[in-house]
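# Coordinate inspection notes
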Amino acid sequence: MGCSVCVITRNRSQKLRRVLRGVAEAIGEIELVDALTIADDSTDPSAVENTRVISNALAERLQIPVTHLAASEKRVLAERLLEPSAATGVSREVIEFAFDCGPELAAARCSGGNRNAALLAAAGRRIVTIDDDAEYRFSRLTHSRWNAVLRSQDLGLEIGHFGSEKLLARHLEPCPDDGIGALADILGQDALSVIEAHGAAPDEAEEAASPALRAVIKESRSSVRAIMGGIAGGRWYSRPFAILATAGPLRRDSLKPRRAYEAARQDARALMQAPELTITDNPFFVTCFAGIDARRLVPPFPPAGRPEDWCWAALLRVCDPNALLAHVPFVIHHDWDDKRAFSESDYAAVGADLGLVTMLAVNKLVATIPALEESAALAAVGRRFVELSRLGQQSWLEYCQLLWLEYVGSVTAHCEGLLEKYRGRPKHWADDLRAYLARLQEQAVRPEAALPRELDPWSDSEEAGRRQRLFFRRYGELLAAWPEIWNAALEIGATTVGATAGATSGAPAEAATGTRGASCEQPGSG
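Residues numbered from 1 in each chain as written. Predicted model: local features only at pLDDT ≥ 70, side-chain atom pairs only at ≥ 80, totals over all residues. Heavy atoms only, no water.

## Concerning the overall build of the chain
Helix and strand content of the chain: 20 helices and 14 strands. Based on the C-alpha atoms only, the size of the chain along its principal axes is roughly 60 × 55 × 50 Å. By residue count, 60% of the 526 residues in the chain fall in the buried class. For the chain, contacts bridging at least 24 residues in sequence account for 85% of all contacts bridging at least 6. Counting only carbon and sulfur atoms, one obtains 50% of the accessible surface of the chain, whose full area is about 20200 Å². Positive and negative side-chain charges of the chain, numbering 59 and 70 respectively, have mean locations separated by a distance of 5 Å. (Helix = DSSP H or I, 4+ residues; strand = E, 2+ residues; numbered from the N terminus. Buried < 20%, exposed > 50% of the residue type's maximum accessible area, 1.4 Å probe, protein only. Contact = heavy atoms within 4.5 Å. Areas by Shrake-Rupley, 256 points an atom, 1.4 Å probe, with all protein chains shown as cover. Lys, Arg positive; Asp, Glu negative; His and termini not counted. Charge placed at Lys NZ, Arg CZ, Asp CG, Glu CD.)

Right under this line is the structure:
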């Protein structure tokens, strides 16, 4: 069974061209992909037009549907979902929020809205997603292995932050596996079958699995509903705390000598990879290069606040309690040239942001939802979000501060554990980490520290709280309505959504067709 590839893009048509060149070559060689969607969130009209030209060129080369899903096509999709025949009973405001968080939350906008459009365009299928700032090129840690292991709390990811490309490259070798093919081989499979196929007996694979995970595996009730590759190059995190929390085998090159540490501290070349094929019930998830089994209901991404992908993965287990994630033992190369270097003010800023507080709320709410049918469980989480949004300002501050204090406590315990484990060495790292902890604990007692800093442009905590509650209300409404929206998308069908590559932006088509050319060279020239 094939899969649909979706490339996520926003105002980066030149980088998009590069990643699509690699995707087209892979499609030509492995013949596994049966649909390609370019989910385009661009605000620059020239970027939209360039992407349309690229899509047209791909449609001439590939024998699969090629869909350009830009703003005009998303409007068509929204109208289709609102048609009486779809019988969703969902308001236009809810569907529009799924694709765009709106002007009041624009400061916290993320790629979640664009990813929601991609999910709905491919509902009922398996999807491999790739971001436009990735290069379709794969490497792996020199000691990588394809044997399967189960892990819960500690995923065993090897993470490093390096001050130069040369230091990063020292740990990698070319990966012979095709990325899309490797993800598609595992995505949607029963976890026990994956373990057996990769040379491990279940008992041997259970090194760090929780009792709940072991039970699910042995009863053959689980499937790999999401999967991600590692990342090398541009960092996947927006907070410098990730550099201070470095642990594991790559730590030495990340922190020594001091000159290399100082370079990484400002402008890191990041590396994150599972050294083995890791199957987990831990919701850690990064969507730079990932697979999603959307043949059954999956949740919507938050359209504002990072990390939206962690929230999504936590909610996936609400839709499907037996859903598992997998981490493959290779990395995709990720651009770093558009990443802003961290400043000292970034290290000094230890307050909350919208994505972090949303993730903390999701984790808290998920634990309170009883065992329900998948649609009912997701709707129940949505209603809880709406209920929280109705709190007054003071009650809201108290709720957010409770979440924040619990988070600060867990971070403090983690950092103190690192300082003890590594005996405060090297000193320059330990000094930085202790200073971070001191700032975190000093600000934790201030109620406003738990309000999203990006929603507080005028240092007005009341306005920030109002906007945050607005987000909770709208996202809650989306979660509650999503099962109906999902069913409508299934009725529409993946190949009837959006624009045929080759159609103009003013005339989106109902289906996508194309012919494969003799080669898969660089797509397009505009």
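## Observations concerning the confidence of the model for the chain
Do not read the predicted coordinates in detail wherever pLDDT is low. In the predicted model, the chain carries a mean pLDDT of 87, and the fraction of residues at 70 or more is 90%. Of all secondary-structure elements in the chain, the lowest mean pLDDT belongs to strand β14 (residues 499-500), at 44, while strand β12 (residues 289-293) reaches the highest, 98. Confidence drops under pLDDT 50 across residues 497-526; counting only partners more than four residues distant or on other chains, this segment forms 95 contacts. (pLDDT = per-residue confidence, 0-100.)

## Quick notes on the packing of helix α16 (residues 354-366) against helix α18 (residues 393-421)
In contact at an axis separation of 10 Å, α16 and α18 are set at 90 degrees when each is read in the N-to-C sense. Here α16 lies roughly perpendicular to α18, going by the angle between them. Here Leu 356, Val 357, Leu 360, Ala 361 and Lys 364 of α16 lie close against α18, whose contacting residues are Tyr 399, Cys 400, Leu 403, Trp 404, Glu 406 and Tyr 407. Of the residues contributing to the contact of α16 with α18, the split by class is nine nonpolar, no polar and two charged. (Axes fitted to C-alpha atoms, helices over the stretch in contact; angles between N-to-C directions. Parallel < 35°, antiparallel > 145°, perpendicular 65-115°, else oblique. Nonpolar A, V, L, I, M, F, W, Y, C, P; charged D, E, K, R; others polar.)

## Side note on the nonpolar core
With 169 residues, the main nonpolar core has Leu 36, Trp 312, Trp 404 and Ile 485 as its most contacted residues. The greatest single-element share of this core, amounting to 13 residues, is contributed by helix α20 (residues 461-492). By size, the runner-up hydrophobic cluster in this structure holds 10 residues, among which are Leu 141, Phe 162, Leu 172 and Leu 271. (Core = buried A, V, L, I, M, F, W, Y, C linked by side-chain atoms within 4.5 Å.)

## A look at the packing of aromatic side chains
On inspection of all chains with the given rule, the structure shows 21 aromatic pairs. Between Phe 471 and Tyr 475, the ring centres sit 5.7 Å apart and the planes meet at 10 degrees, which makes this aromatic pair stacked. Highlighted residues: Phe 471 and Tyr 475, both in helix α20, separated by four residues, approximately one helical turn. Neither residue differs from the other here; Phe 471 and Tyr 475 are each classed as buried. Taking NZ or CZ as reference, Arg 251 lies 3.6 Å from the ring centre of Tyr 422, over its face. (Phe/Tyr/Trp six-rings, centres within 6.5 Å; stacked < 30°, edge-to-face > 60°. Lys NZ or Arg CZ within 6 Å of the ring centre and 35° of its normal.)

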